[in-house]
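Architecture and fold: a report
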Amino acid sequence: ENIRRELAQVMPLVDVWQMNEREAEVFLGKGEGTLELPKDVMKIAQQTRVATLIVTRGSQGSVAVIDGKYYEGKIHPATPKAVDTTGAGDAFLLGFVFGRHEGCTPEESLSVAAFSATSNIMALGGHGGMPSREQLLWHLSQLRTPNATR
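Scope of this entry: the structure provided in the associated data block.

Rules used in this analysis
Residues numbered from 1 in each chain as written. Predicted model: local features only at pLDDT ≥ 70, side-chain atom pairs only at ≥ 80, totals over all residues. Heavy atoms only, no water. 1 Å grid on protein atoms, 1.4 Å probe; cavity = no way out; pocket = protein on both sides within 12 Å on 5 of 7 lines; lining within 4 Å. Points joined across faces, edges and corners; volume = space filled by probe spheres on them. Nonpolar A, V, L, I, M, F, W, Y, C, P; charged D, E, K, R; others polar. Phe/Tyr/Trp six-rings, centres within 6.5 Å; stacked < 30°, edge-to-face > 60°. Helix = DSSP H or I, 4+ residues; strand = E, 2+ residues; numbered from the N terminus. Buried < 20%, exposed > 50% of the residue type's maximum accessible area, 1.4 Å probe, protein only. Pairing = 2+ DSSP bridges. Axes fitted to C-alpha atoms, helices over the stretch in contact; angles between N-to-C directions.

1. Considerations on the layout of surface pockets
Space inside the largest pocket adds up to approximately 350 Å³. As for the largest pocket, its lining consists of 19 residues, and the residues nearest its centre are Gly58, Ser59, Ile75, Ala88 and Ala117. Counted by class, the lining of the largest pocket contains six nonpolar, eleven polar and two charged residues.

Have a look at this one:
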């Protein structure tokens, strides 16, 4: 309960809050594997009043509530087996913020985020596969080109 009070004090200062599925369950006091979508994610967004809430779900993609609207993000197509998942969440957030900075829609931003996380887990270490700005721009161009090969 103390953590919720402390969070309530800082949430007005937060623009984007990212958590993984298990962290969302703990926040709500729920057991592992019991997160109900979209209900529970909407509940967290309403309770915290954060403008952008993202919940990453590993191989099941991600979900987000942005300005009160619910979105689902898919994993990057043809994702090979991960080499090291260290830093995947950081890489995801990098891609999402990059997308928003570039004027992307929420759906495009979630796709850029998935691409970024997928790139990073293909190498050892927390940032071994972190994509460059050029790679992120390439992915964005593929999203915006009809019938592009991904």
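2. Some remarks on the packing of aromatic side chains
Tallying each qualifying case throughout the model produces two aromatic pairs. With centroids separated by 5.7 Å and ring planes inclined at 80°, the aromatic side chains of tryptophan 17 and phenylalanine 27 adopt a geometry described as edge-to-face. Here tryptophan 17 is found in strand β1 (residues 16-20), whereas its partner phenylalanine 27 is found in helix α2 (residues 21-28), with ten residues between them in sequence. Relative accessible area serves as the criterion here: at 12%, phenylalanine 27 is assigned to the buried category.

3. Some words on the environment of arginine 49
Secondary-structure assignment places arginine 49 in the loop between α3 (39-48) and β2 (52-56). On the basis of relative accessibility, which here comes to 68%, the residue arginine 49 falls in the exposed class. Each C-alpha atom, one on arginine 49 and one on glutamine 18, is 13 Å from the other, the two residues being 31 residues apart in sequence.

4. Some words on the sheet that holds β1
Working definition: the strands of a sheet are paired by backbone hydrogen bonds and lie parallel or antiparallel to each other. Taking strand neighbours across the sheet as the criterion, the four strands line up as β1-β2-β3-β4 in an open arrangement whose pairing is mixed. The sheet is open, and its two edges are formed by β1 and β4 (69-73), each paired on a single side. Adjacent strand axes in the sheet meet at a mean angle of 15° when their direction is disregarded. Here β1 runs beside β2; their pairing, made up of five bridges, is parallel. Looking at β2, one finds that valine 16 is bridged to threonine 52.

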